[in-house]
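Overview (structure and organization)
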Amino acid sequence: MNNLGIKIEAYFDRLWPICRSIMGPGFRRSLDILKEVVPLKYLEFKTGDKVLDWVVPKEWGVNDAYIMDPDGKKIIDFKKNNVHLVGYSIPFSGTLSLSELKDHLHSLPAQPNAIPFVTSYYNEHWGFCLSYNQLKTLRPGKYKVLVDTKLRDGKLVLGQAILPGKSKKEILFSSYLCHPSLANDNLSGPLVLAFLYDKISKMPNREFTYRFLFIPETIGAIAFLSKYGSSLKKNLAAGFVLTCVGDAGDFTYKLSRQGNSLADRAALRVLKETGKKFSIIPFDPAVGSDERQYCSPGYNLPVGSLMRTQYTIYPEYHTSLDNKSFMDFKCMEEMVDTYYSMARAIEVNYKWQNKKPYGEPQVGRRGLFRSLSEKGRQEDELAMWWLLNLSDGKNDIISIAERSGARIEVLARVADKLEKAELLKK
Ligand code: ZN
């Protein structure tokens, strides 16, 4: 693993213990840590603000939460694992019988070792999550319960960074940061996003403007769209939601609602060029992340999502087993590079026009390529013939790559060469 993987891991370890939720001190503290990598600006909304069809809820903070068994022993302790507490639990303190307590306990009989991740953002509820194996050990008696939480009027905070380019046309990268100590879903997304920012900030001569969003899932995207949705509708060239990008599984690409948007075409071409196994899944509004908001019919933005192993299908998903041991930091490094290649593919995706379209131009005379006619041809030369033939002002670089099999970076480099030789124009 090189430097980048090690850096990602160090940030993972610092962010891991924080109890995050959609709003509150854990979310803000996490943004403050990511700010060391990305110069985030915060957009804020207030509790009670109406955003599209939603209302910004209260902020949630936790001091302590536990359950004591009839012997006075703490058997569930939020401080040992923050997944134990149902997210947005309202305050409660009291003594309950086992059967009363069970109404507030969540476990997974099918995965007896796992503590499930449960939230109740918009309905007042308190509860604890525990493994089914632990649940089975509870015996009748009086249980002391403390849920020392606070729900108060506060702020919904969205972290945003923008890298300007020559054009107002935008590429959006969006991830969320609202789960407590969970790894693939969730910490992997904002970590890859932060280091992708770092890499794109060093890209020379950026054509596009880049927007990076670190938001709480759903309510964050809804709030963002309530303010910037119409400007995105005008200017968004392509966008991606980063989620489940931390494990070592094969790539999975979820298409945008449009199905053949620039985002989709760039992603699929780049994945093909990696030579690795990948699968394509259709847009699905019933399951997923913030692409559900970006691709809602009123916006219908060109936003897809490149992941490793898709949410919901891996058994560790939304349980305490989605932890560091499931992560592969070398693969996260590769994810940063793959998203970067997708941005590059969009950057160089011009439509070129052949200035000498009648017959093949005599390239040898222009000293463009080797002058000897010999066996075996270079990648650059193949790209040249395809570019000269398909550059009729209608085909973009991605479509020439699709048809020729030539790599995008090679096509872009050769197109620049042909422009200098006055054979192509943009
Ligand atoms: Zn999730």
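Please refer to the structure higher up on the page.
Attention here is on the structure that accompanies the text. (Residues numbered from 1 in each chain as written. Predicted model: local features only at pLDDT ≥ 70, side-chain atom pairs only at ≥ 80, totals over all residues. Heavy atoms only, no water.)

Glancing now at the overall build of the chain. Along the chain, the regular secondary structure elements total 12 helices and 19 strands. Expressed as lengths along the three principal axes of its C-alpha atoms, the size of the chain is roughly 95 × 45 × 35 Å. Within the chain, buried positions represent 55% of all 426 residues. Put simply, of all contacts in the chain between residues at least 6 apart along the chain, 80% involve residues at least 24 apart. (Helix = DSSP H or I, 4+ residues; strand = E, 2+ residues; numbered from the N terminus. Buried < 20%, exposed > 50% of the residue type's maximum accessible area, 1.4 Å probe, protein only. Contact = heavy atoms within 4.5 Å.)

A word on the coordination of the zinc ion. Within the protein, the zinc ion binds to H179 (NE2), D185 (OD) and H318 (NE2); these donor distances fall in the range 2.1 Å. Ordering the donors of the zinc ion by residue number gives the pattern H-x5-D-x132-H. Of the two residues, D185 sits in helix α5 (residues 183-201) while H318 sits in the loop between β16 (303-307) and α9 (329-347), which places them 133 residues apart along the sequence. Here D185 falls in the buried class, since its relative accessible area comes to 3%. (Donors = N, O, S within 2.8 Å, 3.2 Å for Na, K, Ca; no water.)

Consecutive side chains along a regular strand alternate between the two faces of the sheet. Residues W352 and N354 line the buried face of strand β17 (residues 351-354), whereas the alternating positions K351 and Q353 sit on a face that is not buried. The pairing of β17 with strand β18 (residues 392-396) spans two bridges and is classified as antiparallel. Bridge pairing in β18 links K351 to D396. In this structure, β17 lies alongside strand β19 (residues 424-425), joined through two bridges in antiparallel fashion. For N354, the partnering residue across the bridge sits in β19 and is L424. (Pairing = 2+ DSSP bridges.)

Right, let's talk about the sheet that holds strand β10 (residues 155-163) for a bit. Judged by pairing direction, the sheet is mixed, and its eight strands sit side by side in the order β1-β10-β12-β11-β13-β16-β14-β15 without closing on themselves. Lying at the two open borders of the sheet, with one neighbouring strand each, are β1 (41-46) and β15 (278-281). Each strand of the sheet is rotated relative to its neighbour by a mean of 20°, with strand direction disregarded. Against the sheet, helix α6 (residues 219-235) makes contact with β1, β10, β11 (170-176), β12 (209-215) and β13 (236-241), and its axis sits at roughly 35° relative to β10, the strand it touches most. (Axes fitted to C-alpha atoms, helices over the stretch in contact; angles between N-to-C directions.)

Across the sheet, four strands lie side by side as β5-β4-β9-β6; this open sheet has antiparallel pairing. Every other strand in the sheet has two partners, leaving β5 (74-77) and β6 (92-97) as the edge strands with one partner each. Looking at each pair of strands side by side, their axes are set apart by 15° on average, direction ignored. Relative to β5, strand β4 (residues 59-68) runs antiparallel, the two sharing three bridges. For M68, the partnering residue across the bridge sits in β5 and is K74.

Looking now at the pattern of salt bridges. Enumeration over the complete set of coordinates arrives at 22 salt bridges. Several salt bridges share partner residues, and in doing so they unite E9, D13 and K324 into one network. (Salt bridge = Lys/Arg side-chain N within 4 Å of Asp/Glu carboxyl O.)

Structurally, T252 can be placed in strand β14 (residues 251-254). Setting aside anything within four residues of it in sequence, one finds T252 in contact with S279, I281, S305, L306, M307, R308, T309 and Q310.

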